Amino acid sequence: MKEEQDFIQRLISKDTKEVAFNELLQLYKERLYWHIRHIVKSHDDADDVLQNTFIKVYRSIHNFKGDSKLYSWMYRIATNESITHINKNSKRLHLSSEEYQNKTINNLQADVYFEGDEIQIQLQKAIATLPDKQQLVFNMKYFEHLKYRDMSEILDTSEGALKASYHLAVKKIEAFLTKD
């Protein structure tokens, strides 16, 4: 904890901000990219959202209160930026959030950065049928292997509610994948 407080001070200080921020980028860039990518689906969109996330972190680090871990705070920013991105694009295209997500999933096969197969496409389609909160919980637990304690901090939700949400998501996904 002391180590993180020192790092945050380096991020805030004018003398050490640039070097510390480069360290922050190296530490969290890949983890945040995949967190965002599981939400927005497209590599290009994930890159844009990741950039926006780090810009927001850079500009707002002095507002970080230390109530949570630094990475939890950044995950929350990344999650909010991802949701904002989806909402903005779906509104621009006059689509519902679910319709927009289905459109991006259908485009995944053409995405040169997508390494999945037909089973992955079906899983993504199943995930897209879930309510937004269940999608987040499922992605964070299934793909990112986050602990409920960390998810609770990021999403500001009780561990019990997250466990229930994940369980419901799994049941819905299983039902989606086994229908027909």
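Structure first, text after, so check above.
Residues numbered from 1 in each chain as written. Predicted model: local features only at pLDDT ≥ 70, side-chain atom pairs only at ≥ 80, totals over all residues. Heavy atoms only, no water.

**Q** Just to check I follow, could you spell out the packing of helix 5 (residues 97-106) against helix 6 (residues 118-128) for this structure?
**A** When two helices pack together, their arrangement is given by the angle between their axes and by how far apart the axes lie. Viewed as axis vectors pointing N to C, helix 5 and helix 6 meet at an angle of 175 degrees, and their least axial separation amounts to 10 Å. Relative to helix 6, the element helix 5 is oriented roughly antiparallel. Along the contact surface, helix 5 presents Glu 98, Gln 101, Asn 102, Ile 105 and Asn 106, while helix 6 presents Ile 121, Gln 124, Lys 125 and Ala 128. The residue makeup of the contact of helix 5 with helix 6, split by class, is 3 nonpolar, 4 polar and 2 charged. (Axes fitted to C-alpha atoms, helices over the stretch in contact; angles between N-to-C directions. Helix = DSSP H or I, 4+ residues; strand = E, 2+ residues; numbered from the N terminus. Parallel < 35°, antiparallel > 145°, perpendicular 65-115°, else oblique. Contact = heavy atoms within 4.5 Å. Nonpolar A, V, L, I, M, F, W, Y, C, P; charged D, E, K, R; others polar.)

**Q** How should the packing of aromatic side chains be read in this particular structure?
**A** A ring pair, where both rings are aromatic, is described by two values, the distance of the centres and the angle of the planes. One pass over the structure, following the stated rule, counts 9 aromatic pairs. For the pair Phe 64 and Trp 73, a centre-to-centre distance of 5.1 Å together with 55 degrees between the ring planes defines the contact as tilted. In terms of burial, Phe 64 and Trp 73 fall into one category: buried. Relative to Tyr 166, the ring of Phe 138 lies with its centre 5.7 Å away and its plane at 15 degrees, an arrangement referred to as stacked. (Phe/Tyr/Trp six-rings, centres within 6.5 Å; stacked < 30°, edge-to-face > 60°. Buried < 20%, exposed > 50% of the residue type's maximum accessible area, 1.4 Å probe, protein only.)

**Q** Explain empty space enclosed by the protein to me, please; I cannot follow it from the model alone.
**A** Where empty space is left in the structure can be found by rolling a water-sized probe over the atoms. In the structure shown here, the tally under the stated rule is 1 cavity of 30 Å³ or more. Taken as a whole, the largest cavity spans an internal volume of roughly 120 Å³. Elements supplying a minimum of two residues to the lining of the largest cavity: helix 2 (17-40), helix 4 (70-92), helix 5 and helix 7 (132-143). When the residues that make up the lining of the largest cavity are grouped by side-chain class, the tally is 4 nonpolar, 6 polar and 1 charged. (1 Å grid on protein atoms, 1.4 Å probe; cavity = no way out; pocket = protein on both sides within 12 Å on 5 of 7 lines; lining within 4 Å. Points joined across faces, edges and corners; volume = space filled by probe spheres on them.)

**Q** Whenever I open this one, the pattern of salt bridges confuses me. Can you help?
**A** A side chain with one charge may pair with a side chain of the opposite charge, provided their charged atoms come close. What the rule picks out here adds up to 3 salt bridges. A salt bridge links Arg 10 to Glu 23; the shortest N-O distance between them is 2.4 Å. You can see Arg 10 sitting in helix 1 (residues 2-12) and its partner Glu 23 sitting in helix 2, a full 13 residues away along the chain. (Salt bridge = Lys/Arg side-chain N within 4 Å of Asp/Glu carboxyl O.)

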